[in-house]
Amino acid sequence: MAKKNWIFGRNVVITGCSTGIGKELTVQLVRKFGCNVMGVARNQKKLDALKEELGDKFDYRRFDISDENAWYEFSTELERIGFGVDVLINNAGMIQEFTQYADLDMQTIRKIVDTNFNSVIFGVAAFLPHIKRSKFGYIVNISSASALLPVCGETVYSATKGAVKAFSESLAQDLAGFGIGVSCVMPGPVKTDLYKSRDTADGAAKKDYELVEKVGITAETAAKRIIKAMRKRKTRVLIDFIAKMMDFGMRVAPSLTQKITCKVMKAACYYVPAFAPVFKEQIEKKDEIKLELKERKQIMYSSLKEVPEKGAFAKD
């Protein structure tokens, strides 16, 4: 058992607890800190296995985290059974496959926004009364390094994670006077089974996963660093080297950092097949686009006399 501190023995709610960082947080909080964890996830089989592994210090509920009413029903139920929540960890989320924004359908966009951002604000709203009653109230929102450096092909994902970051930082100021801490965690690549489950016949996803294996940190390491930050009640948490480098680049030279990142991703399409859909049209129509840009540049510097005097809405 770890040395006692404020986390020891607390009642915790964690979303996305059945896999990845969420699972590691659940296991470590139960085993090392004696916490009682109420988990939220979708996979019944994995939840049952986790329950068997952790015993009576862990229980779970299954519901749609993008459903506002479900959050309030969950909060009311926990209050009814006497499970006063000290810590809320909004971990669950979904990624966006690398693609041009124009190629995303609205249903997918809504799902990403609902899962990554709306679920966070619903969860906080539902459990804030619990947390304010606690002597150790704390909130952890898992964002992403994409909130620091939004990258091409991840428009909606980056936007939702940026929203989580801004929400968390503002919320931390709101709640500081109540002694409630708020951590916003912004990890870079984390090794999970995500890419393995998405593998295709051409093995593209396998190559992506191999890259993550080389540069990412494990979910276990990520969880340890998140808990360490919680113990110190840090507001802004960068848990790996890549996230720190992205943050440094955007602080020192934001425009240049974004430009270089985009060029590197484009050049790395062969080695990272996930990037390919973002640049496919640009590569296939390279000469055509180059000519069009050249013509556009010439037009930009042409005489203003060539511009028609009448506007598009002029009446004859």
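Residues numbered from 1 in each chain as written. Predicted model: local features only at pLDDT ≥ 70, side-chain atom pairs only at ≥ 80, totals over all residues. Heavy atoms only, no water.

## Observations concerning a negative patch on the surface
On the surface, Asp64, Asp67, Glu68 and Glu73 cluster together to form a negatively charged patch. Take glutamate 68: it is sitting in helix α3 (residues 68–80). (Patch = residues over 30% accessible without salt bridge, like charges linked within 9 Å, V, L, I, M, F, W, Y side chains within 5 Å. Areas by Shrake-Rupley, 256 points an atom, 1.4 Å probe, with all protein chains shown as cover. Salt bridge = Lys/Arg side-chain N within 4 Å of Asp/Glu carboxyl O. Lys, Arg positive; Asp, Glu negative; His and termini not counted. Charge placed at Lys NZ, Arg CZ, Asp CG, Glu CD. Helix = DSSP H or I, 4+ residues; strand = E, 2+ residues; numbered from the N terminus.)

## Here we look at the packing of helix α4 (residues 106–133) against helix α5 (residues 155–176)
Running from N to C, α4 and α5 point in directions that differ by 15°, and their axes come no closer than 8 Å. With respect to their mutual orientation, α4 and α5 come out roughly parallel. Where α4 crosses over α5, the handedness of that crossing is right-handed. Listed contacts from α5 to Ile109, Ile112, Val113, Asn116, Phe117, Val120, Ile121, Val124, Leu128 and Lys132 of α4 are Val156, Tyr157, Thr160, Lys161, Ala163, Val164, Phe167, Leu171 and Leu175. Taken together, the residues of the contact of α4 with α5 sort by class into 15 nonpolar, two polar and two charged. (Axes fitted to C-alpha atoms, helices over the stretch in contact; angles between N-to-C directions. Parallel < 35°, antiparallel > 145°, perpendicular 65-115°, else oblique. Left-handed = near helix turned anticlockwise from the far one by under 90°. Contact = heavy atoms within 4.5 Å. Nonpolar A, V, L, I, M, F, W, Y, C, P; charged D, E, K, R; others polar.)

## Some details on the side chain of asparagine 90
With respect to the secondary-structure elements, asparagine 90 resides in strand β4 (residues 87–90). Setting aside its immediate chain neighbours within four residues, asparagine 90 contacts Thr15, Trp71, Ser119, Val120, Gly123, Val124, Val140, Asn141 and Ile142.

## A closer look at helix α2 (residues 44–54)
Counting along an α-helix, one turn takes 3.6 residues, and residues three or four places apart therefore face a common direction. Taken together, the buried positions of α2 are occupied by Leu47, Leu50 and Leu54. The arc enclosing the buried residues of α2, seen along the axis, measures out at 60°, which places them on a common side. Those residues of α2 that are exposed and aimed more than 90 degrees away from the buried face are Lys45 and Glu52. Where α2 is buried, its residues contact α1 (20–33) and β3 (58–61). By the N-cap criterion, in which a side-chain oxygen at the helix start approaches the backbone nitrogen of a residue two or three places on, α2 is capped by asparagine 43, the distance to lysine 45 being 3.1 Å. A positive backbone phi angle near 75° is found at glycine 55, which sits one or two residues after α2. (Buried < 20%, exposed > 50% of the residue type's maximum accessible area, 1.4 Å probe, protein only. Arc of directions from axis to C-beta. Polar contact = N/O pair within 3.5 Å; in protein donor to acceptor, adjacent residues only side chain to side chain.)

## What about unusual backbone geometry?
In this model, arginine 233 sits at a positive phi of 55°, which is unusual for a non-glycine residue. Among the structural elements, arginine 233 can be located in the loop between α8 (219–231) and β9 (236–237).

## A closer look at the confidence of the model for the chain
Here the chain averages 89 in pLDDT, and 89% of its residues register 70 or above. This stretch, residues 197–204, has a pLDDT under 50; its non-local contacts, to residues over four places away or in other chains, come to eight contacts. (pLDDT = per-residue confidence, 0-100.)

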